[in-house]
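# Examining the three-dimensional arrangement
The lines below spell out each chain.
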Amino acid sequence: MRMKARATLVALVPALLFAAVGCSSTGAPATGRTPDPKGSEGSAGGAPGAPAASPDPPGSAPPKTGGTTLERSALAQGDLPGYQVSAQGKNPGAPDGQPQADKKACQPLADIMGDKPDPAARETVNRGIGSQKQMGLAVSASVSSYSESDAKALIARLKAAVAACGTGFSATVDKQTGSYREVRTADYRTSGDESVSWTTTAAGQGVSAQVHLVVVREGDTVVRLMALNVAGGLQKVLVPQEVTDKQLEKVRKAG
């Protein structure tokens, strides 16, 4: 993906989904090559320094699968045939922190696209996922730990925000602003305890893109998935079902 388009996407989807863009910069299988993970252990996923299809630089390492329960819950390279999974470190050019919405009722929707799903998250592990089967498809997957009451409250807030923000909102992070139009509930099957799913059109700097978000609670763990097609502009996009299913399977096994 060209650098100019990458810069535009920072404003479209402020912090997290930008992490996945490099994983899907070509859309073609990278036979014999591996992603360019930097070994991020928890906090924010940021923009990669190079496309995930490039050869590994010296000192790179795959996403960690050991360590804490949350780290074992996160997707790793090899979990999903046909996808590249990476755990990039934060790129200096990517915005930091939690986006701030222009409407109070929509703040939960802005938060969900930040470094963590909302301020109540105790720990968050992020992954960037690029499809080798669908050109341009980038998915961000994260798992976050909560108290169970806070996890339930998050799902409730998101459902209320989706209902209240159908006409859209704007959000700013690190002095960069994107607008989010046509927030719509999306039917989507998950095996978690409860979930919420919606689509929106992200726009900024003269570029628009469809985004699909799925947030699932499994006990006191929250899975957040966001999908964007960086090649297709306004074409419809959904988080692949196999990605959601595999992520929830790993959460249950690690639990």
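The structure we're discussing is the one just above.
So, a few notes on the structure that sits alongside this text. Within each chain, residues carry numbers counting from 1 in the order of the written sequence. The model is predicted, so local features are restricted to residues of pLDDT at least 70 and side-chain atom pairs to those at 80 or more, both for listing and for counting; the totals for chains, interfaces and linings are taken over all residues. Derived side-chain values reflect all non-hydrogen atoms in the structure, with water molecules and hydrogen atoms excluded from consideration.

### Quick look at the state of the cysteines
Quick note on the threshold: When the sulfur atoms of two cysteines come within 2.5 Å, that pair is taken as a disulfide. Secondary structure follows DSSP: runs of H or I at least 4 residues long count as helices, runs of E at least 2 residues long count as strands, and numbering of each begins at the N terminus.
Within this structure, the stated rule accounts for one disulfide. For Cys 106, the disulfide goes to Cys 165, at an S-S distance of 2.0 Å. Judged by the sign of its S-S torsion, about -115°, the bond between Cys 106 and Cys 165 is left-handed. Placement of Cys 106 in the loop between β2 (100–101) and α4 (107–111) and of Cys 165 in the loop between α5 (148–164) and β5 (169–173) is noted, with a sequence separation of 59 residues between them.

### Brief notes about the side chain of Glu 218
Condition: Each residue is assigned to one of three classes by its accessible area relative to the maximum for its type, calculated with a 1.4 Å probe on protein chains only: buried under 20%, partly exposed between the two thresholds, exposed over 50%. For this analysis, residues touch if any pair of their heavy atoms sits within 4.5 Å.
Residue placement: Glu 218 occurs in strand β8 (residues 207–218). Since its relative accessible area comes to 18%, Glu 218 is described here as buried. Discounting residues that sit within four places of it in the chain, Glu 218 has contacts with Ser 191, Gly 192, Asp 193, Val 251 and Arg 252.

### A short note on the pairing of strand β7 (residues 194–204)
As a reminder of what qualifies: The pairing criterion for strands is at least two bridges between them, as found by DSSP.
Buried residues dominate β7, accounting for nine of its eleven residues. Relative to β7, strand β6 (residues 176–185) runs antiparallel, the two sharing five bridges. Of the residues in β7, the one forming a bridge with Thr 185 is Trp 198.

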